[in-house]
Amino acid sequence: MDPRSPNESKTELSTFMQPEHANLQGNVHGGWIMKLVDEAGALAAMRHCRRPCVTVAIDSMTFHAPVLVGDLIVLESSITYVGRTSIETMVTVYTEKILTGQRTLTNTAFVVYVALDDQRQPTAVAPLLLESELEKRRFEQGRARQQERLARARRDQES
Ligand SMILES: CC(C)(COP(=O)(O)OP(=O)(O)OC[C@H]1O[C@@H](n2cnc3c(N)ncnc32)[C@H](O)[C@@H]1OP(=O)(O)O)[C@@H](O)C(=O)NCCC(=O)NCCS
């Protein structure tokens, strides 16, 4: 399988926040933002491997700024690390004030997907083509995060 650059699968998703996404104070629910994060990450993962993918792990998420009704929420996702069948995506979430263009970073999340074959079993994905120093650094950081996730999953199973 030929290696593929993170640029080939980079995805931007944006959607306008409506009252049904929010509580009575107008703050968009964290769970709704998490759903969009999962969607944005999955799109980048599936673009990378051109296979159906399922979410296997979502790292903890912290919301640094509110997302309000009337904001445009912008989610940028890109591949940071791939294993044999797994793909880690980094999803960066911004709000954009539609009338001014002012953007605020609300959070960054890492989500891991597994590519499936036609029998819904994990299947190998294309390696990641690492060209820039940033891509190489992100890959190493992703590898370390993945090792930690697997160690945590083993600890959870043992307890
Ligand atoms: C994802 C799933 C197919 C993996 O099955 P599995 O039997 O654990 O398969 P494997 O052991 O071969 O692992 C597959 C990959 O997942 C990775 N993985 C497994 N558990 C993981 C965890 N807790 N965190 C991160 N990665 C994990 C493995 O390291 C492996 O990656 P690699 O091939 O790059 O090394 C299975 O757990 C599943 O179907 N889960 C439910 C998915 C789902 O419904 N998601 C929500 C809706 S999309």
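Here, every reference points to the structure presented above.
This structure is a prediction, so every number in the text was calculated from the model and none was measured.

Engineer: Residues and numbers for the overall build of the protein, please.
Structural biologist: Per the secondary structure count, the protein includes three helices and five strands. Ordering the α and β elements of the protein from the N terminus gives α-β-α-β-β-β-β-α. Taking 159 residues into account, the globule formula puts the C-alpha radius of gyration at 15 Å, and the protein, at 17 Å, falls close to it. Based on the C-alpha atoms only, the size of the protein along its principal axes is roughly 45 × 40 × 30 Å. Out of the 159 residues in the protein, the part that is buried amounts to 42%. A sequence separation of at least 24 residues applies to 71% of the contacts in the protein between residues at least 6 apart. Roughly 9,000 Å² of accessible area belongs to the protein as shown, and the carbon and sulfur atoms make up 51% of that amount. Distance from the positive charge centre (19 side chains) to the negative charge centre (20 side chains) of the protein: 2 Å.

Engineer: Which residues make up helix H2 (residues 30-49), and what are the values?
Structural biologist: The end-to-end C-alpha distance of H2, which contains 20 residues, comes to 29 Å, matching closely the 28 Å that a straight helix rising 1.5 Å per residue would cover. Among the residues making up H2, those that are buried are Ile 33, Leu 36, Val 37, Ala 40, Gly 41, Ala 42, Ala 44, Ala 45, His 48 and Cys 49. Contacts made by the buried residues of H2 are with helix H1 (6-9), strand S1 (11-16), strand S2 (53-58), strand S3 (72-82), strand S4 (86-96) and strand S5 (103-115). Phi turns positive, to about 50 degrees, at Arg 50, one or two residues after H2.

Engineer: Mind laying out the site of the ligand, listing which residues take part and the relevant values?
Structural biologist: The ligand sits among 14 residues. The nearest are Thr 55, Arg 84, Thr 85, Ser 86 and Gln 146. With respect to the ligand, the backbone of Arg 84 contributes an N or O atom lying 2.8 Å from an oxygen atom. A distance of 2.6 Å separates an oxygen atom of the ligand from a polar atom in the side chain of Ser 86. Here the ligand loses 52% of its free accessible area of 960 Å² to cover by the protein chains. Contributing elements (two or more residues each) for the shell around the ligand: S2 and helix H3 (133-158). Grouping the constituent residues of the shell around the ligand by class yields seven nonpolar, five polar and two charged.

Engineer: Could you give an account of the layout of surface pockets, naming the residues involved and the relevant values?
Structural biologist: Taken as a whole, the largest pocket spans an internal volume of roughly 330 Å³. Lining of the largest pocket is provided by 19 residues; of these, Asn 7, Lys 10, Ser 78, Met 90 and Arg 138 occupy positions nearest its centre. Tallied by class, residues from the lining of the largest pocket come to seven nonpolar, seven polar and five charged. Put simply, the second largest pocket is a space of about 170 Å³. Lining the second largest pocket are Val 56, Ala 57, Ser 86, Val 112, Val 114, Gln 146, Arg 149, Leu 150 and Ala 153. Per-element tally for the lining of the second largest pocket: the top contributor is H3, with four residues.

How each quantity is defined
Residues numbered from 1 in each chain as written. Predicted model: local features only at pLDDT ≥ 70, side-chain atom pairs only at ≥ 80, totals over all residues. Heavy atoms only, no water. Helix = DSSP H or I, 4+ residues; strand = E, 2+ residues; numbered from the N terminus. Rg over C-alpha atoms; globule rule 2.2 N^0.38 Å. Buried < 20%, exposed > 50% of the residue type's maximum accessible area, 1.4 Å probe, protein only. Contact = heavy atoms within 4.5 Å. Areas by Shrake-Rupley, 256 points an atom, 1.4 Å probe, with all protein chains shown as cover. Lys, Arg positive; Asp, Glu negative; His and termini not counted. Charge placed at Lys NZ, Arg CZ, Asp CG, Glu CD. Expected span 1.5 Å × (residues − 1). Near = heavy atom within 4 Å. Polar contact = N/O pair within 3.5 Å; in protein donor to acceptor, adjacent residues only side chain to side chain. Nonpolar A, V, L, I, M, F, W, Y, C, P; charged D, E, K, R; others polar. 1 Å grid on protein atoms, 1.4 Å probe; cavity = no way out; pocket = protein on both sides within 12 Å on 5 of 7 lines; lining within 4 Å. Points joined across faces, edges and corners; volume = space filled by probe spheres on them.

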